[in-house]
Amino acid sequence: MIEISHLTKNFDQFTAIDDLSFTVKEGEVLGFLGPNGAGKSTTMKVITGFLSPSSGTVTIDGHDISKSPMAAKSLMGYLPEGAPSYGDMTTLEFLNFIAQVRGYRGEEIASRVQHAIDEVELASVSQQTIDTLSKGFKRRVGLAQAIMHDPKVLILDEPTDGLDPNQKHHVRELIKNLARDKIVIISTHILEEVTAVCSRAIIISQGKIVADGTPAELESRSKYHQAVSVRLTDDYDLEADLANLPDIAAVERDEENKLTFTILAKEGKSIFSQVSGIAQSKQWPVTEFHVSRGQLEDVFRTVTQQSTSQQSMSQQSMSQQSMSQQSMSQQPISQRQQGAE
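These numbers were taken from a predicted model, which means no experiment stands behind them.

Rules behind the numbers
Residues numbered from 1 in each chain as written. Predicted model: local features only at pLDDT ≥ 70, side-chain atom pairs only at ≥ 80, totals over all residues. Heavy atoms only, no water. Core = buried A, V, L, I, M, F, W, Y, C linked by side-chain atoms within 4.5 Å. Buried < 20%, exposed > 50% of the residue type's maximum accessible area, 1.4 Å probe, protein only. Helix = DSSP H or I, 4+ residues; strand = E, 2+ residues; numbered from the N terminus. Pairing = 2+ DSSP bridges. Axes fitted to C-alpha atoms, helices over the stretch in contact; angles between N-to-C directions. Contact = heavy atoms within 4.5 Å. Lys, Arg positive; Asp, Glu negative; His and termini not counted. Salt bridge = Lys/Arg side-chain N within 4 Å of Asp/Glu carboxyl O. Parallel < 35°, antiparallel > 145°, perpendicular 65-115°, else oblique. Left-handed = near helix turned anticlockwise from the far one by under 90°. Phe/Tyr/Trp six-rings, centres within 6.5 Å; stacked < 30°, edge-to-face > 60°. Lys NZ or Arg CZ within 6 Å of the ring centre and 35° of its normal.

1. With respect to the nonpolar core
Then comes step 1: Counting residues in each nonpolar core, the largest one holds 47 residues, and the members touching the most others are V29, L95, L122, L156, I175, V184 and I186.
Then comes step 2: Ranked by residue count, the leading element in this core is helix α5 (residues 135–147), at 6 residues.
Then comes step 3: Formed by 27 residues, the second largest nonpolar core is a distinct cluster that contains I4, L30, I65 and A72.

2. A few points about the pairing of strand β3 (residues 29–33)
Then comes step 1: Within β3, 5 of the 5 residues are buried, which leaves the element mostly enclosed by the surrounding structure.
Then comes step 2: By the alternation rule, side chains of β3 split into V29, G31 and L33 and L30 and F32, which are all buried.
Then comes step 3: Two strands pair when backbone bridges link them, and β3 and strand β8 (residues 183–187) are joined in this way by 4 bridges, in the parallel orientation. Each residue of the ladder has a partner; that of G31, found in β8, is I186.
Then comes step 4: Bridge count between β3 and strand β9 (residues 200–205): 4 bridges; the pairing is parallel. Bridge assignment links L30 to a residue of β9, and that residue is R200.

3. Examining the sheet that holds strand β6 (residues 76–79)
Then comes step 1: Spatial strand order, β6-β7-β8-β3-β9-β10: 6 strands in an open sheet with mixed pairing. The outermost strands of the open sheet, each flanked by one partner alone, are β6 and β10 (208–213). The average undirected angle you get between the axes of adjacent strands in this sheet is 15 degrees.
Then comes step 2: Of the strands in this sheet, β6 and β7 (153–157) are in contact with α5, which crosses β6 at around 170 degrees.

4. Description of the sheet that holds strand β12 (residues 248–253)
Then comes step 1: On the basis of which strands lie adjacent, the open sheet formed by 4 strands has the order β12-β13-β11-β14 and antiparallel pairing. In the strand order of this sheet, the two ends are held by β12 and β14 (286–291), each with one partner. When strand polarity is set aside, the average angle formed by the axes of neighbouring strands in this sheet is 15 degrees.
Then comes step 2: Helix α10 (residues 272–281) rests against β11 (228–232), β12, β13 (260–265) and β14 of the sheet, and its axis sits at about 165 degrees to β14.

5. Considering the side chain of D64
Then comes step 1: With respect to the secondary-structure elements, D64 resides in strand β5 (residues 63–64).
Then comes step 2: Buried within the structure, D64 lacks any salt-bridge partner; K67 is the closest side chain of opposite charge, at an N-O distance of 4.8 Å.
Then comes step 3: Setting aside chain neighbours within four positions, we find D64 in contact with T57, V58, T59 and P69.

6. Quick notes on the packing of helix α3 (residues 91–101) against helix α4 (residues 107–120)
Then comes step 1: Remark: α3 packs on α4, axes separated minimally by 9 Å, with the N-to-C direction vectors making an angle of 125 degrees. For the element pair α3 / α4, the angle class is oblique. Judged by the twist between their axes, the crossing of α3 over α4 is right-handed. Seen from α3, the contacting residues are L92, L95, N96, A99 and Q100; seen from α4, they are I109, V113 and I117.

7. Quick notes on the packing of aromatic side chains
Two numbers describe a pair of aromatic rings. These are the distance of the centres and the angle of the planes.
Then comes step 1: Counted by the stated rule, this structure contains 6 aromatic pairs.
Then comes step 2: An angle of 35 degrees between the planes, with centres 5.8 Å apart, marks the rings of F22 and F32 as tilted. Pair noted here: F22 is in strand β2 (residues 14–24) and F32 is in strand β3, with a separation of 10 residues, a long-range link. Summarising the burial analysis for this pair, F22 and F32 share the class buried.
Then comes step 3: Ring centres of Y86 and F97 lie 5.7 Å apart, and the angle between their planes is 85 degrees; on these two criteria the pair is classed as edge-to-face. One end of the pair, Y86, is in the loop between β6 and α3; the other, F97, is in helix α3, and 11 residues separate them in sequence.
Then comes step 4: Ring-pair connections join several aromatic residues into one group, and the members of that group are Y86, F94 and F97.
Then comes step 5: The ring of F11 has K9 sitting right over it, with the charged end atom 5.3 Å from the ring centre.

8. Considering the pattern of salt bridges
Then comes step 1: The tally for this structure, following the rule as stated, stands at 16 salt bridges.
Then comes step 2: Residue D18 pairs with K208 through a salt bridge whose shortest N-O separation is 3.6 Å. Highlighted residues: D18 in strand β2 and K208 in strand β10, separated in sequence by 190 residues.
Then comes step 3: We classify D18 as partly exposed; its relative accessible area is 27%.
Then comes step 4: Where R301 meets D298, a salt bridge forms, and the shortest distance between an N and an O atom there is 3.8 Å. Taken together, the residues span about one helical turn, with R301 and D298 both in helix α11 (residues 296–330) at a distance of 3 residues.
Then comes step 5: The class for D298 is buried, based on a relative accessible area of 8%.
Then comes step 6: The structure contains a network of salt bridges with shared partners spanning E28, R200 and D212.

Here is the structure:
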């Protein structure tokens, strides 16, 4: 288990991580989401011991990363942002080097390296220097070194960045297989990755957690949860047919495709059967008709914008209080006494 308790990381006056607390259990694939600058990569670096926290603790399977760094790090595989490596080495040389650093010797080096190469399909570039590899292959080399020692915990920062669709599919299937007996944390800004791979997602903004739940739970918070999407073959005023349904919140028309509509349900309401019944009775010219479980992108945008807005209002309030205090301090003593009276 990973336990993060009241984790904070400051850089001078800037707070990158602000009192984060959460746990991750074996078998979970946690998607760690947030806009640029939210603190995702900084959190990954603190969890893996690359950065020291300003306060708070990170415990890996009972080992505090600050007090027992070697024990904690031995349990982790880490793919950092950008997949750093030694560019003048070939893929095979680099992975052999990593195996030796991990403490393997003799035939076990060859065995571990070959297993990692096979898992992420690197055989075709094993003799190429890393500098000559595409961005996608460099990511796969980074992933290979992260899984070589069969760690209990995998920390992956943008694991499919730069991969083509086939490579993404392969890496995602690999992550699913690895997650059966491991803890996997994926830092990503690719929302489709969360729904494809993750069993849970945390969204952070301004260094704080603003949402935590399964992808389905987060999607249910979207205004598009239980919405009905309709595509017509001909122009038709379906809004008039729906005007008297109390459970409908709104009807949105696609700006690019004027024959596509999204019918939004009021919170907690299911409208599919009602809309379907009206569509049949009124003989709508329907070519497509389906219900939505919600949009993760909509939830992501809503919670991060709310967090940014609240932060801005808080800073503005503090600034006004500071200006008021400065103004009071600059008044003559007699005026301040009169104001008090």
